[in-house]
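Residue strings, one per chain:
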Amino acid sequence: MAHMLEERGFATAVIAAVRAQAEKTRPPRALFTAAQLGRPLGEPGDPVFQRATLLAALALLERTDGPVILEDYPGEPPGLADNPTWTPPFPPAGDAALDGFAAELARVLPVWEDAKTRFGRTSVGLSFQAAADWPAFAARVIAGELPTVPGHGTTALAARFLCDDIKALYGEVAQAHGPAPSSNQVDAWFWYGTIAGKILLALRDAAMASDNNALKTVGGRFFVPVPWLPK
Amino acid sequence: MARIEDIPQPTRDAVLAVPCPSYDTAPFVSGPPLAERRIAIVSSAALIRRGDQPFAFGSAECRFIPASTLNADILISHVSINFDRTGFLRDVNVVYPIDRLRELAADGVIGGIADTHYTIMGSTDPAGMTEAADQIAAQMRRENIHSVILAPV
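Residues numbered from 1 in each chain as written. Chains lettered and ligands numbered in written order. Predicted model: local features only at pLDDT ≥ 70, side-chain atom pairs only at ≥ 80, totals over all residues.

K.L.:
Sorry if this is basic, but what is going on with the overall build of chain A here?
P.N.:
Across its full length, chain A holds nine helices and three strands. When the helices and strands of chain A are listed from N to C terminus, the series reads α-β-α-β-α-β-α-α-α-α-α-α. The principal-axis extents of the C-alpha atoms in chain A amount to approximately 60 × 45 × 35 Å. (Helix = DSSP H or I, 4+ residues; strand = E, 2+ residues; numbered from the N terminus.)

Laid out in structure tokens, this is it:
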């Protein structure tokens, strides 16, 4: 895209999350930052580092020693280290059954309200379903049905974005109070410590067993990240 | 860290295997000092405004994000589930640095920010995005914008 925009007369500076890709595509100006994938500007709530990264990228716009500039951002972004002062918002669900999802949600939702107040926003909203409707929809997919919702005309898409919303809600709940956890801490709590995590794994199993090819494909690739699949 | 050795498998191999275009030309546009430039953001995070349809897998479309859009109404609909989203849950600026850009404009470091910003699906082959580039270029000409920050996810 940077190349195409320069061809159309615009100066561009790319913040590059993966150096190997920038080396291949050779955009006119790129700043490689070693920040975690998903956080290319740095850590949330760290405007100083974000500003410094953005300034370094903007500074490339004034450079004239092209046609290809690839700079490494000199600052070391805060890393992936776990925060020992963070504790999960709820104790691990243990061997709780999948039909406990609604009860778990009932406990989680008030904390989600706290998170929304704390951050002034929520990233939940892709599924076009109210959280209260999630357990019933998930149960139907796990039972082999092919439900849809207004706005998502296939079970594959409805289930995909339901998974996204469940992960987002629990991710916000994990950060509703106290110090910020690492992303790994949030993920480990979600996948190993909640019924919701088990629901997503069950949705994936149901999708993979489905005769619906779209659901099978989407469920296999986009419900559960590979690192969190059962070993 | 997103140094390649720090990216867990199989995402690491997938990232390295992404086809990358090569070009016969090397356009390089210069401009006035930063303090005289208004800047637009192009995010490849497939951002949407709350209530809009998420981007489709493989979509080559571009969507406009008016600068007036509240952070509370910006969602991320990128197809990949293999990057961290927990940072974005707390702060859109880790992906879409709109507040930082506003601050730099207020401080006079840049000349201003565009009225419109843009978002695409970063996993889509850019070879199919000519129309999207045309749309972005046309809107930026209307707004007299000449410089862009491209932010990944």
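K.L.:
So what exactly am I meant to see when it comes to the environment of Ala40(B) here?
P.N.:
Residue and element names in this part refer to chain B. Within the secondary structure, Ala40 is located in strand β1 (residues 38-43). Spatially, the C-alpha atoms of Ala40 and Tyr118 are 7.7 Å apart, while their sequence positions differ by 78 residues. Excluding residues that lie within four positions of it along the chain, Ala40 makes contacts with Ala114, Thr116, His117, Tyr118, Met140, Ile145 and Val148. (Contact = placed C-beta atoms within 7 Å.)

K.L.:
Quick question: what am I supposed to make of the domain arrangement of chain A here?
P.N.:
The accessible area lost on association of the parts is a frequent measure of interface size. For chain A, the assigned domains are domain 1 (2-72) and domain 2 (98-228). One C-alpha centre belongs to domain 1 of chain A, the other to domain 2 of chain A; they are set 33 Å apart. (Domains from an automatic or database assignment.)

K.L.:
In this structure, what is going on with the interface of chain B and chain A? I would like to understand it.
P.N.:
Each side of the interface is counted separately: chain B has 67 residues, and chain A has 66 residues. The set of elements that each furnish at least two residues to the side of chain B that touches chain A consists of α1 (11-17), β4 (74-76), α2 (86-90), α3 (98-106), α4 (130-142) and β7 (147-151) of chain B. A breakdown of the residues in the side of chain B that touches chain A according to their chemical character gives 46 nonpolar, 12 polar and nine charged. With four bridges connecting them, strand β1 (residues 11-16) of chain A and β7(B) associate as parallel partners. Along β7(B), the bridge assignment pairs Ala13(A) with Ile149(B). (Nonpolar A, V, L, I, M, F, W, Y, C, P; charged D, E, K, R; others polar. Pairing = 2+ DSSP bridges.)

K.L.:
Explanation requested: helix α7 (residues 183-193) of chain A in the structure shown.
P.N.:
Helical geometry note: an α-helix holds 3.6 residues per turn, so side chains three or four residues apart project in the same direction. Turning to α7(A), its buried residues are Ser183(A), Gln185(A), Val186(A), Asp187(A), Trp189(A), Phe190(A) and Trp191(A). Those residues of α7(A) that are buried are in contact with α6 (155-173) and α8 (195-209) of chain A together with α2 of chain B. (Buried ≥ 20, exposed ≤ 12 C-beta atoms within 10 Å, placed from the backbone.)

K.L.:
Mind showing me how you'd approach the environment of Ile149(B) here?
P.N.:
Residue and element names in this part refer to chain B. Residue position: Ile149 is located in strand β7. Since 24 C-beta atoms lie within 10 Å of it, Ile149 is described here as buried. With 109 residues separating them in the primary sequence, Ile149 and Ala40 have C-alpha atoms 6.3 Å apart.

K.L.:
In this structure, what is going on with the nonpolar core? I would like to understand it.
P.N.:
The tendency in soluble globular proteins is for nonpolar side chains to be buried as a group. Of all hydrophobic cores here, the largest spans 107 residues; its most connected members are Leu203(A) and Ile149(B). Shared between two domains, this core holds at least three residues of each, these being domain 1 (2-72) and domain 2 (98-228) of chain A. In this structure, Leu203(A) is in contact with Ala138(A), Val141(A), Ile142(A), Ala159(A), Cys163(A), Gly219(A) and Phe223(A), ignoring residues within four places of it in sequence. (Core = buried A, V, L, I, M, F, W, Y, C linked by C-beta atoms within 7 Å.)

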